[in-house]
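In case you want the letters, here they are:
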There are 2 protein chains.
Amino acid sequence: MMHTLQLTKSDGRALTLYSQRPLDAGLVAPSPFANPLHANPHLRWHPLRGEWVAYAAHRQDRTFQPPPEYNPLAPTRDPAFPTELPAGDWDVAVFDNRFPTLSAAAHDAPATIVPSMAARGQCEVVVFTQDANASLGALPLAQIELLLQVWGHRTEQLGARDDIVYVLPFENRGAEVGVTLSHPHGQIYAYPELPPVPARMQQQALQHFSQHGVGVLQALIEREQAEGARMLYDGPEAVAFVPVCARYPYEVWVATRQAVPRFTGLSDAQRLDLARALKTVLMKYEALWQRPFPYLMAWYQAPTDGLAHPEWHLHAQFYPPYRTRERLKYLAGTELGAGWFAMDALPEDKARELQAVQVEIE
Amino acid sequence: MMHTLQLTKSDGRALTLYSQRPLDAGLVAPSPFANPLHANPHLRWHPLRGEWVAYAAHRQDRTFQPPPEYNPLAPTRDPAFPTELPAGDWDVAVFDNRFPTLSAAAHDAPATIVPSMAARGQCEVVVFTQDANASLGALPLAQIELLLQVWGHRTEQLGARDDIVYVLPFENRGAEVGVTLSHPHGQIYAYPELPPVPARMQQQALQHFSQHGVGVLQALIEREQAEGARMLYDGPEAVAFVPVCARYPYEVWVATRQAVPRFTGLSDAQRLDLARALKTVLMKYEALWQRPFPYLMAWYQAPTDGLAHPEWHLHAQFYPPYRTRERLKYLAGTELGAGWFAMDALPEDKARELQAVQVEIE
């Protein structure tokens, strides 16, 4: 059971609290920022690549000097130093990013020599827990289930807006991928146009679905299960595996067995098993080198354009930056220049490493 | 005038020496590796993204212990420790990568649950100078001109092969992008299929060319010149500028004014001015913070598929990893997950920083 409480911060930003228990309706949303939000990001068209690029030149208007241990994602303890979140009995929180790349408030764009427009959409921060020292994989299974529900609720709320066609929840984790704030959190980008990667995935998925009458990922999962060599979790409703075509050495995908286009379409049984698959992967990552394991986790789902999209299959892709315990994989000439990934490790070998890590979920 | 000498290393790899002066035909190609090359990389199809991924699991068969100052790209001084290159009077050298991601020798692929095939093609190393302490931008203009000729020669040689359809010269520079060897050098990847980024660029270029009868980049350059705000070099035949749609804070493009599809089509006047534009950018980068400036430099040109491709326009794109003097731009959720770039700096502001750096080419 998910309880929600929708609040508005003094600077105008939205905050939604989520809990497995009823929420105290008297909770008030704090904000570290005194001034109202004046976000006005814009988009410019990249004519060579045929894609939009977002520009958000924000003034840094922080009006206070926080103490060194200040964590904006922790519940507010000292009213003199408000964080983004209230103290109280909540499990997961979602609030508008103070420095958004995409914003419902975006209202105009400078005239440029390429097409430009206001960068409508939304950028949200998703706080996974009140515990600054936890990690996503260390959370109880019920909390991870709740998070999957939260992503569904955000998809529903954001997807209902006319200026949003694609909702992407993701987590950047670790200093190796540029994250300095270790409090467990992710982000949601809600885009006004279908971005290049999901656009390409949709094109491929549509082609497969129209030819074979089954989704491309569902068909691949059946073959991954049959071969078994790269499976990390094979549950009644969900799976996790190193894909046969991994582009990163420790790349892992987490998905339901049967295609479900969006978070909003998950059954309770699917959501529970998907949470178990996700937690299994995260525990394996963490146990592999007995230290925090950095990654980018992206959740792909169908666009929120009002169509059913039976060709889509909700799933997560993990891109860890390490290729061995000591060495990072840098994206360089062939990856960033050509979009052609080169791997010096076989997915089968990396899968074996992760298979050898034993983890148990109570 | 470009002189060439084609040699073969003892392990079977090709070495071509280039010089502005006649070469000594008695030069012999050394190799740090005693064993013959047994490269057999393979490709697997990524069914969700619709692209190939290359796998090359090489045995590390180095059979000697090099001294700590050993530089494999320096001319061989001590025959007991052969490098990749002979001593002698040459300017630029190109040799086959010992650990290729793509190889003419690739002969088979494991059976996988997705389509797979031998990873034909070629990976070459391009040594820009004998001087380990130089940098591309510090080389004399005539040497940079020669390098542009070398890239043309490689495009011609590799493009003539049936198993190669796209030739991409690039340079990864600096520890920040994963390069540990500071001897000035780049690489060439010659692909058996059109990679995703040039494929997308070709699609966009074709559409523009068929609609307007002029190339998309040539049209953009005319508008960049007219506005002027982001220009770094505006010469008789070539230009350099921060593009209006930059995806990286210090992104710069270098191009001829008129569309030339490939290196092989450059006139002498165009090549000279292109070298001048390139050197100007590199000197500005280096002078900006008075320290070596890391980047990825990729040179885009038309495929080598036998067609004329009037829609293509040879040019370089620079992607520097820094967003300020102290801070790196990490590619994270939105960039790698969605392919949607987000910038917190305006191209106009970054262009002003680079415009303010005065450099002079003798």
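Just so we're clear, the structure is a prediction, and the values are computed from it rather than from any experiment.

> In this structure, what is going on with the overall build of chain A? I would like to understand it.
Per the secondary structure count, chain A includes 6 helices and 15 strands. Relative to the compact-globule value of 21 Å for 362 residues, chain A shows a C-alpha radius of gyration of 21 Å, a close match. When the 362 residues of chain A are sorted by exposure, 52% land in the buried category. Once local pairs closer than 6 in sequence are excluded, the contacts in chain A between residues at least 24 apart make up 66%.

> Sorry, what's going on with unusual backbone geometry here?
In most cases, non-glycine residues show a negative phi, while peptide bonds are predominantly trans. If you check the backbone angles, His309 of chain A has positive phi at about 55° while not being a glycine. You can call His309 of chain A partly exposed: it has 19 C-beta atoms within 10 Å.

> Would you take a moment to explain the packing of helix 1 (residues 141-159) of chain B against helix 4 (residues 268-288) of chain B for this structure?
To characterise two packed helices, one gives the angle between the axes of the helices and the distance between these axes. Residue and element names in this part refer to chain B. Contact geometry for helix 1 and helix 4: axes closest at 9 Å, N-to-C directions at 115°. Classified by the angle their axes make, helix 1 and helix 4 are roughly perpendicular. Of the two elements, helix 1 crosses helix 4, and the hand of that crossing is right-handed. Between helix 1 and helix 4, the residues in contact are Leu141, Ile144, Glu145, Leu148 and Gln149 and Arg271, Leu272, Leu274, Ala275, Arg276, Leu278 and Lys279, respectively. Its residues placed into classes, the contact of helix 1 with helix 4 shows 7 nonpolar, 1 polar and 4 charged.

> Explanation requested: the relation of the copies chain B and chain A in the structure shown.
The two chain copies are connected by a rotation around an axis plus a translation along it. Of the transformation placing chain B onto chain A, the axial shift is 0.0 Å and the rotation is 180°, giving an RMSD of 0.0 Å. Expressed as an axis order, the relation between the two copies is that of a two-fold axis. Looking at chain B, 100% of its interface residues are interface residues in chain A too, so the copies touch through the same face.

> Looking at this model, I keep getting lost on helix 2 (residues 196-212) of chain B. Mind explaining?
Because each turn of an α-helix spans 3.6 residues, side chains separated by three or four positions in sequence point in the same direction. With 17 residues, helix 2 of chain B should reach 24 Å at 1.5 Å per residue; the first-to-last C-alpha distance of 24 Å fits that figure. Buried within helix 2 of chain B are the following residues: Pro196, Val197, Pro198, Met201, Ala205, His208 and Phe209 of chain B. For helix 2 of chain B, the secondary structure elements touched by its buried residues are helix 5 (333-338) of chain A together with strand 4 (51-55), strand 8 (166-173), helix 3 (216-227) and strand 13 (295-300) of chain B. At the C-terminal side of helix 2 of chain B, Gly213 of chain B shows a positive phi close to 70°.

> Please clarify how the nonpolar core should be interpreted in this entry.
Soluble globular proteins tend to bury their nonpolar side chains together. Of all hydrophobic cores here, the largest spans 216 residues; its most connected members are Ala54 of chain A together with Ala54 of chain B. Those residues in contact with Ala54 of chain B that sit more than four places away from it in its chain are Trp340, Phe341, Ala342 and Met343 of chain A together with Pro41, Leu43, Thr101, Leu102 and Ala119 of chain B.

> Would you mind going over helix 6 (residues 347-355) of chain B with me for this structure?
All names here are of chain B. Pro347, Lys350, Ala351 and Leu354 are the residues of helix 6 that are buried. All buried residues of helix 6 lie within an arc of 105° about the axis, which places them on one face of the element. Residues of helix 6 that are buried make contact with strand 10 (231-234) and helix 4.

> Explain the interface of chain B and chain A to me, please; I cannot follow it from the model alone.
By a frequent convention, interface size equals the accessible area lost on bringing the separate parts together. Across the contact, 63 residues belong to chain B and 63 residues belong to chain A. Here 3 bridges tie strand 15 (residues 341-343) of chain A to strand 4 of chain B, and the two strands are oriented parallel to one another. Each bridged residue has a counterpart across the sheet, and for Met343 of chain A the counterpart in strand 4 of chain B is Tyr55 of chain B.

> Mind showing me how you'd approach the domain arrangement of chain A here?
Residue and element names in this part refer to chain A. Per the domain assignment, the segments making up chain A are domain 1 (3-196) and domain 2 (198-355). Here the C-alpha centre of domain 2 lies 24 Å away from the C-alpha centre of domain 1. Taken together, the contact pairs 29 residues of domain 1 with 31 residues of domain 2. Contributing elements (two or more residues each) for the side of domain 1 that touches domain 2: helix 1 (141-159) and strand 8 (166-173). Element by element, the count of residues in the side of domain 1 that touches domain 2 is highest for helix 1, at 10 residues. Grouping the amino acids of the side of domain 1 that touches domain 2 by side-chain chemistry returns 16 nonpolar, 8 polar and 5 charged.

> Just checking my understanding: could you explain the pairing of strand 1 (residues 3-8) of chain B for this structure?
Within a regular beta strand, the side chains point alternately toward one face of the sheet and then the other, so they alternate between its two faces. Residue and element names in this part refer to chain B. In the sheet, strand 1 pairs with strand 2 (residues 14-19) via 6 bridges, with the strands oriented antiparallel. Residue pairing across strands places His3 opposite Ser19, the latter belonging to strand 2. Where strand 1 folds back on strand 2, the antiparallel hairpin that results is connected by 5 residues, among which Gly12 adopts a positive phi of roughly 95°.

> Mind showing me how you'd approach the sheet that holds strand 8 of chain B here?
The strands that make up a sheet are held in pairs by hydrogen bonds between backbone atoms, and each pair lies either parallel or antiparallel. All names here are of chain B. If you walk across this open sheet you meet the 11 strands as 1-2-5-7-9-8-13-14-12-11-10, and the pairing is antiparallel. With partners counted over all chains shown, the strands left at the sheet margins are strand 1 and strand 10, one partner each. For this sheet, the mean inter-axis angle between neighbouring strands, taken without regard to orientation, is 15°. Of the strand pairs in this sheet, strand 11 (residues 238-241) and strand 12 (residues 252-256) are connected by 4 bridges, and their pairing is antiparallel. Residue Phe241 lies in a different strand from strand 12, and its bridge partner there is Trp253.

> Can you help me understand the sheet that holds strand 15 of chain A in this one?
Strands sit in the order 15(A)-4(B)-3(B)-6(B) across an open sheet of 4 strands; the sheet is mixed. Both edges of this open sheet fall to strand 15 of chain A together with strand 6 (116-118) of chain B, since each of them pairs with a single strand only. Taken pair by pair, the neighbouring strands of this sheet meet at an average axis angle of 30°, ignoring direction.

> Which parts of the structure should I look at to understand the environment of Pro140 of chain A?
Along the chain, Pro140 of chain A turns up in the loop between strand 7 (122-127) and helix 1. Along the backbone, Pro140 of chain A and His153 of chain A are 13 residues apart, and their C-alpha atoms lie at a distance of 20 Å.

> It is not clear to me how the environment of Gln258 of chain A should be interpreted in this structure. Could you clarify?
With respect to the helices and strands, Gln258 of chain A occurs in the loop between strand 12 (252-256) and helix 4 (268-288). It is 25 Å that separates the C-alpha atoms of Gln258 of chain A and Tyr285 of chain A, two residues lying 27 residues apart in sequence.

> Before we go on, may I ask you to explain the pairing of strand 14 (residues 315-319) of chain B in this structure?
With 5 of its 5 residues buried, strand 14 of chain B lies for the most part within the structure. Here strand 14 of chain B shows two buried faces, one formed by His315, Gln317 and Tyr319 of chain B and the other by Ala316 and Phe318 of chain B.

> I would appreciate a short explanation of the confidence of the model for chain A in the present structure.
Low pLDDT marks regions whose predicted coordinates should not be analysed in detail. Across chain A, pLDDT averages 95, with 98% of residues at or above 70. For this predicted complex, the interface score ipTM comes out at 0.96, alongside a pTM of 0.96.

> Help me understand the environment of Ala269 of chain A in this model?
Residue and element names in this part refer to chain A. Relative to the elements of secondary structure, Ala269 occurs in helix 4. Looking at Ala269, the number of C-beta atoms within 10 Å reads 12, which means it is exposed. Here the alpha-carbon distance between Ala269 and Leu331, two residues 62 residues apart in the chain, equals 38 Å.

What counts and how
Residues numbered from 1 in each chain as written. Chains lettered and ligands numbered in written order. Predicted model: local features only at pLDDT ≥ 70, side-chain atom pairs only at ≥ 80, totals over all residues. Helix = DSSP H or I, 4+ residues; strand = E, 2+ residues; numbered from the N terminus. Rg over C-alpha atoms; globule rule 2.2 N^0.38 Å. Buried ≥ 20, exposed ≤ 12 C-beta atoms within 10 Å, placed from the backbone. Contact = placed C-beta atoms within 7 Å. Axes fitted to C-alpha atoms, helices over the stretch in contact; angles between N-to-C directions. Parallel < 35°, antiparallel > 145°, perpendicular 65-115°, else oblique. Left-handed = near helix turned anticlockwise from the far one by under 90°. Nonpolar A, V, L, I, M, F, W, Y, C, P; charged D, E, K, R; others polar. Least-squares fit on C-alpha atoms with pLDDT ≥ 70 in both. Expected span 1.5 Å × (residues − 1). Core = buried A, V, L, I, M, F, W, Y, C linked by C-beta atoms within 7 Å. Arc of directions from axis to C-beta. Pairing = 2+ DSSP bridges. Domains from an automatic or database assignment. pLDDT = per-residue confidence, 0-100.

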